[in-house]
Amino acid sequence: MTTTRPDPAAPSSTREPLRVALLGCGVVGSQVARMILTRPDDIVARVGRPVELAGIAVAHVGRPRHGLDSRLFTDDPMALVTRDDIDIVIELIGGIDPARTLLLAALEHGHSVVTANKALLAAYGDELNKAAEAHGVDLYYEAAVAGAIPIVRPLRESLVGDQVTRVMGIVNGTTNFILDQMTTTGASFEAALADAQARGFAEADPTADVEGYDAAAKAALLASLAFHTRMRGDQVYREGITGITPDDIEAARDMDCVIKLLAVCQAGKDGIVARVHPALVPVSHPLGSVSGAFNAVFVEAREAGHLMFLGPGAGGSPTASAVMGDLVTVARNSVRGVAGPPQAVFDEYPILPMDDVRTRFQIRIQVRDEPGVLAAVATIFAHHEVSLQTVQQSAIEGADKADGWSATLKILTHEARESDVEACVAELTQSKAVNAAPRVIRVEGM
Ligand SMILES: NC(=O)c1ccc[n+]([C@@H]2O[C@H](COP(=O)([O-])OP(=O)(O)OC[C@H]3O[C@@H](n4cnc5c(N)ncnc54)[C@H](OP(=O)(O)O)[C@@H]3O)[C@@H](O)[C@H]2O)c1
């Protein structure tokens, strides 16, 4: 590979610019365009050559774009990414198609790529990484996980000499805002979602966020990076937050915990697992105090110990900051005629089924306050080898009490196997001592 080092003495205007094709000019793309156009001297200082916007592909070319030259715009993104005078393609369209086809074409044309597209990477990251490596160019995607927070490069590069054992993240700002509102105001899920939508923190169709699909895509990227392996979004266990009630929030508070939608990636001797679900987290845990629409990622590494990354996980400017970091890195590599380190895949780990995961659980059961009930419940737990750490009993007031269901047992288990807890809960549901199905929420970070 040839190296074309810039002459540091040459004035920037005499150095040929690197040319960037921008795909998408929406919430993030418009901010990236602004930063490229308004900070040319900073970029020259960092890259060694000017960086120029060669074209911007959008869906609606006629739409007014404040401060941007209308001659830059096209609605033919394929023609733009296959131009020979392009050096770097920044993809901020989102979704699978046409983004996948466009990026494969860009990589095949020898253009390095920067993208924030977690959905695409979680489904086709392997294909894109291989295409980048095959063509000796870069594929960078810092903004795809947790917006402005630097987490992709720390896992890919800074911690590559260590052994990451576990990553726990709050990687979806919408759900964190909703759960935070439920915790601080006592609102129902529906009311907190409506509030999030009114404030612009949730989409009109919030499914991808509240059902955990967005977090699952990011969990797949985190697991692939942390364990230097390959995992897709559809291999991540996923539960959303739509079933969380004010009673769940209160029961968490009683244990000095809050409920968070967590993306948990863990590696053990038998394999790896990534899962997204609501979990009780102690208020005293670093993730317990992450409020509003913020994101955070907590990394446990064998040698480094515990590391916490916190910051804005979305928004035009914060996300564009991460994209610009990638752009400068990729542009520097391009100036030097090299590509950065490829995404290393050292190991193909088996992906463990959720049934084998061991964690702790809070289980709430309505029972009759009668002699022998506690013993009957304890026997069912013992039968399924689910060991109890604490049991709290509290009186029930109101309608359920009239039917004779006068007490709630709030149980915290020791670490137990997921399938054992499932079987235990099924037997509890059938038991005459228990009213209705128990409420079960996993507990992390305790
Ligand atoms: N928004 C955030 O806070 C955030 C945070 C982290 C990551 N991301 C990721 O960043 C990416 C962009 O998100 P965004 O919020 O900026 O999206 P957005 O506001 O919806 O913008 C999408 C842009 O893509 C253009 N576009 C759509 N289909 C196209 C097509 N077929 N050909 C060419 N252009 C097309 C749209 O054109 P028009 O303008 O003409 O409609 C628009 O400019 C996504 O992958 C997203 O997951 C976003």
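Read on for a plain summary of the structure. Computed from a predicted structure; not experimentally measured. (Residues numbered from 1 in each chain as written. Predicted model: local features only at pLDDT ≥ 70, side-chain atom pairs only at ≥ 80, totals over all residues. Heavy atoms only, no water.)

**Thoughts on the overall build of the chain**
Of regular secondary structure, the chain possesses 15 helices and 17 strands. Principal-axis analysis of the C-alpha atoms places the extent of the chain at approximately 90 × 45 × 35 Å. The 446 residues of the chain split such that 53% are buried. Sequence separation of 24 or more characterises 73% of the internal contacts of the chain that already satisfy a separation of 6 or more. When the accessible surface of the chain is summed, it comes to about 19300 Å², and 51% of that surface belongs to carbon and sulfur atoms. Across the chain, the mean location of the 39 positive side-chain charges is 4 Å away from that of the 56 negative side-chain charges. (Helix = DSSP H or I, 4+ residues; strand = E, 2+ residues; numbered from the N terminus. Buried < 20%, exposed > 50% of the residue type's maximum accessible area, 1.4 Å probe, protein only. Contact = heavy atoms within 4.5 Å. Areas by Shrake-Rupley, 256 points an atom, 1.4 Å probe, with all protein chains shown as cover. Lys, Arg positive; Asp, Glu negative; His and termini not counted. Charge placed at Lys NZ, Arg CZ, Asp CG, Glu CD.)

**Describing the sheet that holds strand β2 (residues 51–57)**
Judged by pairing direction, the sheet is parallel, and its six strands sit side by side in the order β3-β2-β1-β4-β5-β6 without closing on themselves. Each end of this open sheet is capped by a strand with a single partner; those strands are β3 (73–74) and β6 (139–140). Bridge count between strand β1 (residues 18–23) and strand β4 (residues 88–91): four bridges; the pairing is parallel. Opposite Val-20, over in β4, you have Ile-88 as the bridge partner. (Pairing = 2+ DSSP bridges.)

**Some words on the site of the ligand**
Taken together, 23 residues sit near the ligand, with Cys-25, Val-28, His-60, Arg-65 and Gly-315 positioned nearest. Cys-25 has a polar backbone atom sitting 2.8 Å from an oxygen atom of the ligand. Between the ligand and Gly-26, the relevant distance is 3.1 Å, taken from an oxygen atom to a main-chain nitrogen or oxygen of the residue. Against a free-state accessible area of 900 Å², the protein chains account for coverage of 75% of the ligand. Mapping the ligand onto the cavity grids shows that it belongs to the largest pocket. Broken down by class, the residue content of the shell around the ligand amounts to 13 nonpolar, seven polar and three charged. (Near = heavy atom within 4 Å. Polar contact = N/O pair within 3.5 Å; in protein donor to acceptor, adjacent residues only side chain to side chain. 1 Å grid on protein atoms, 1.4 Å probe; cavity = no way out; pocket = protein on both sides within 12 Å on 5 of 7 lines; lining within 4 Å. Sits in = over half its atoms within 2 Å of the grid points. Nonpolar A, V, L, I, M, F, W, Y, C, P; charged D, E, K, R; others polar.)

**Side note on unusual backbone geometry**
Cis geometry is found at the peptide bond from Asp-97 to Pro-98, where omega equals 15 degrees. Within the chain, Asp-256 stands out as a residue other than glycine whose phi angle is a positive 55 degrees. Checked against the element boundaries, Asp-256 lands in the loop between α11 (246–254) and β9 (257–267). You can call Asp-256 exposed: its relative accessible area is 58%. Unlike most non-glycine residues, Ala-436 shows phi in positive territory, near 60 degrees. Its location among the elements puts Ala-436 in strand β17 (residues 434–443).

**Observations regarding the pattern of salt bridges**
Considering all chains together, one arrives at 26 salt bridges under this definition. Across the pair Arg-100 and Glu-127 runs a salt bridge whose closest N-O atoms are separated by 2.8 Å. With a gap of 27 residues between them, Arg-100 in helix α4 (residues 99–108) and Glu-127 in helix α5 (residues 118–134) connect regions that are remote in the sequence. Assessed through its relative accessible area of 23%, Arg-100 is described here as partly exposed. Residues Arg-232 and Asp-234 are paired through a salt bridge, measuring 3.0 Å at the closest nitrogen-oxygen approach. Among the residues examined, Arg-232 registers a relative accessible area of 38% and is labelled partly exposed. The network of salt bridges with shared partners includes Arg-19, Glu-52, Arg-83 and Asp-85. (Salt bridge = Lys/Arg side-chain N within 4 Å of Asp/Glu carboxyl O.)

**A closer look at the packing of α4 against α5**
Between α4 and α5, the shortest axis-to-axis distance is 10 Å and the interhelical angle comes to 15 degrees. As summarised for this structure, α4 and α5 are arranged roughly parallel, according to the angle between their axes. The handedness of the crossing between α4 and α5 comes out as right-handed. Contacts between α4 and α5 involve Ala-99, Arg-100, Leu-103, Leu-104 and Leu-107 from the first element and Leu-120, Tyr-124, Glu-127, Leu-128, Ala-131 and Ala-132 from the second. Its residues placed into classes, the contact of α4 with α5 shows nine nonpolar, no polar and two charged. (Axes fitted to C-alpha atoms, helices over the stretch in contact; angles between N-to-C directions. Parallel < 35°, antiparallel > 145°, perpendicular 65-115°, else oblique. Left-handed = near helix turned anticlockwise from the far one by under 90°.)

**A short note on empty space enclosed by the protein**
Counting across every chain of the model gives one cavity of 30 Å³ or more. Here the largest cavity defines a volume of roughly 30 Å³. For the largest cavity, the full set of lining residues is Tyr-140, Tyr-141, Val-152, Arg-153, Arg-156 and Glu-157. Take the lining of the largest cavity: its biggest share by element is four residues, from helix α6 (residues 152–158). Looking at the lining of the largest cavity, its residues break down into three nonpolar, no polar and three charged. (Points joined across faces, edges and corners; volume = space filled by probe spheres on them.)

**Side note on the side chain of Asn-172**
Within the secondary structure, Asn-172 is located in the loop between β7 (164–170) and α7 (173–185). Since its relative accessible area comes to 4%, Asn-172 is described here as buried. At 3.3 Å, the side chain of Asn-172 and the backbone nitrogen of Thr-174 are in polar contact. Setting aside chain neighbours within four positions, we find Asn-172 in contact with Asp-209, Asp-214, Lys-218 and Asn-295.

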